[in-house]
Amino acid sequence: MVVVSANVTALSYVHPAPSAIRRSSDLPPTTQDISFLGGDDLTLRGWYIPPKNGMVIILLHGYFSNRTEMIFAARHLTAAGYGALLYDERGSGESDGMQRSLGWRDVDDVGGALAFLDGKANQVGIAGCSIGGQIAVRAAARYPQISAVLADGAAMVSAEDLPPPQDWAERLIIPYDWLLDRFIEAHAGMAAPPSMMETISQIAPRPIMLFAAELSNEKFYIRRFQQAAGANAQLWEIPNATHCHGVFVAPDEYARRMLDFFDSSR
C-alpha cells in the first residue's frame, strides 16, 4: 500500500498542470507578453515589465500554479522601480512541457530567463515561493549573475533535506519520502539533484532572504537552510501564516521586507 501511494503521488508530481492565463489589471501598462527558450529548448511564456532602476527580479510560482501567483510581488516591485519577469514554469500554465519534476529540471529554464534579460538589466535578482523558492535558491547557486535571492516557503529537493526525526511519526516519513524520490527519478528519467542543504551553501557572499510560515512545519527545515547558508542569509518567520500565504496575513510587512532586501542588495 505504501509503495502504491508513493507511486501515485510521484505520478501526480510529474504530470503537467496547464492552465489559461489572463493578464491582471494590477500589472503596470508597460507589461509585455513574452516567451523564451528554457532547458531542452522548451518555450516558456510569461510577462516582462522593464525596470526603472536597472534591476529585474525573476519571479517563480509554486507547484500546481502559474505566474499569476506572483502578481503581488510583481506589483510592489514594479511600483518601487524594479523590473519583473514572471513566467509559467515548464509543464505549467501556458508554458510547454509534457512533464514536471518538482523543480529538478527548472534551473536550466532560469538560464533561459537570464539569456532573455541579457542587455535589459544591469542587475538581476530572483524570488519564488514553495517549489519556486527551491528553484530560485538552486539557480542562484548555479548562476553567479543572480545577485540576490528571496525564497518564501522554499521546498525541499528530496528526502536528503529532511531534518532529523523527533518522534516515531517523523521516522516513518523518511523511508516514504526516500521511496517517493525513487519513483520521481524513474518517471522523470533523471537522478535527484543535490539537496538544498548542499546547494544553498554555495551562494555566499550574495544575500539570501528566507521566509517561513509560522503555522507550517516548513519552518523547521528552513531554519536548517539558513544555518547551512551562513551569515549571508536572513530568516523571517511570518506570524499566523500558512505555506506561502504571508502575502495575505501580513501584506504590508511582506512587501516592506521584500523591498528592503532587494534595495540593500543593489
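See the structure above.
Residues numbered from 1 in each chain as written. Predicted model: local features only at pLDDT ≥ 70, side-chain atom pairs only at ≥ 80, totals over all residues. Heavy atoms only, no water.

Caption draft 1: Main features of the overall build of the protein chain. Counting secondary structure elements, the protein chain contains 9 helices and 10 strands. For 266 residues, the compact-globule estimate of 2.2 N^0.38 gives 18 Å, and the protein chain sits close to it at 18 Å. The dimensions of the protein chain, computed from C-alpha atoms along their principal axes, are 55 × 40 × 30 Å. The buried share of the protein chain, taken over its 266 residues, is 55%. When contacts within the protein chain are restricted to residue pairs at least 6 apart in sequence, those whose partners lie at least 24 apart make up 72%. Of the roughly 11,500 Å² that the protein chain leaves accessible, carbon and sulfur atoms contribute 54%. Distance between charge centres in the protein chain, computed from 21 positive and 29 negative side chains, equals 3 Å. (Helix = DSSP H or I, 4+ residues; strand = E, 2+ residues; numbered from the N terminus. Rg over C-alpha atoms; globule rule 2.2 N^0.38 Å. Buried < 20%, exposed > 50% of the residue type's maximum accessible area, 1.4 Å probe, protein only. Contact = heavy atoms within 4.5 Å. Areas by Shrake-Rupley, 256 points an atom, 1.4 Å probe, with all protein chains shown as cover. Lys, Arg positive; Asp, Glu negative; His and termini not counted. Charge placed at Lys NZ, Arg CZ, Asp CG, Glu CD.)

Caption draft 2: Here's a closer look at the sheet that holds strand E9 (residues 208–213). If you trace the 8 strands from one edge of the open sheet to the other, you get E2-E3-E5-E4-E7-E8-E9-E10, paired in mixed fashion. Edge positions in the open sheet fall to strand E2 (32–37) and strand E10 (233–238), since each of these has one partner strand only. Between one strand axis and the next, the sheet turns by 20° as a mean value, whatever way the strands run. In this sheet, strand E7 (residues 123–129) lies alongside strand E4 (residues 55–60) in parallel orientation, the contact comprising 6 bridges. Paired with Ile57 across the two strands is Gly125, which belongs to E7. Docked against the sheet, helix H9 (residues 251–264) engages E4, E7, strand E8 (146–152), E9 and E10, running at close to 160° with respect to E8. (Pairing = 2+ DSSP bridges. Axes fitted to C-alpha atoms, helices over the stretch in contact; angles between N-to-C directions.)

Caption draft 3: Region of the structure containing the nonpolar core. Ranked by size, the top nonpolar core spans 54 residues in total, and within it Ile58, Leu85, Tyr87, Val110 and Ile126 carry the most contacts. By residue number, the principal contributor to this core is helix H4 (residues 131–142), which donates 7 residues. In contact with Ile126, not counting residues within four places along its chain, are Ile57, Ile58, Leu60, Val110, Ala136, Ala139, Ile146, Ala148, Val149, Leu150 and Phe262. (Core = buried A, V, L, I, M, F, W, Y, C linked by side-chain atoms within 4.5 Å.)

Caption draft 4: Just the environment of Met209, in detail. Note that Met209 resides in strand E9. Taking the C-alpha atoms as reference points, Met209 and Phe262, 53 residues apart in sequence, are found 9.3 Å from one another. Look past the residues within four positions of Met209 in its chain and what remains in contact with it is Val149, Leu150, Ala151, Gln234 and Phe261.

Caption draft 5: Representation of unusual backbone geometry within the structure. Note that the residue after Ala204, namely Pro205, is joined by a cis bond; omega there is 10°. Phi at Asp41 is positive, roughly 60°, even though this residue is not glycine. Following the sequence through the fold, Asp41 ends up in the loop between E2 and strand E3 (43–49). The backbone phi angle of Cys244 is positive, close to 60°, even though this residue is not glycine. By the element assignment, Cys244 lies in the loop between E10 and helix H8 (246–249).

Caption draft 6: Focus on the pairing of E4. A large share of E4 lies buried, amounting to 6 of its 6 residues. In E4, alternate side chains face the same way, and those of Met55, Ile57 and Leu59 on one face and Val56, Ile58 and Leu60 on the other are all buried. Where E4 lies against strand E5 (residues 83–87), 4 bridges are found, and the strand directions are parallel. Directly across from Ile58, in E5, lies its bridge partner Leu85.

Caption draft 7: Fine view of the environment of Arg223. With respect to the helices, strands and loops of the structure, Arg223 is situated in helix H7 (residues 218–229). Relative accessible area serves as the criterion here: at 31%, Arg223 is assigned to the partly exposed category. The spatial distance from the C-alpha of Arg223 to the C-alpha of Asp167 is 19 Å, given a sequence separation of 56 residues. Arg223 has contacts with Leu235 and Glu237, leaving out every residue within four places of it along the chain. Polar contacts involving the side chain of Arg223 include one to the side chain of Glu237, which spans 2.6 Å. (Polar contact = N/O pair within 3.5 Å; in protein donor to acceptor, adjacent residues only side chain to side chain.)

The values are spatial; any link to function lies outside them.
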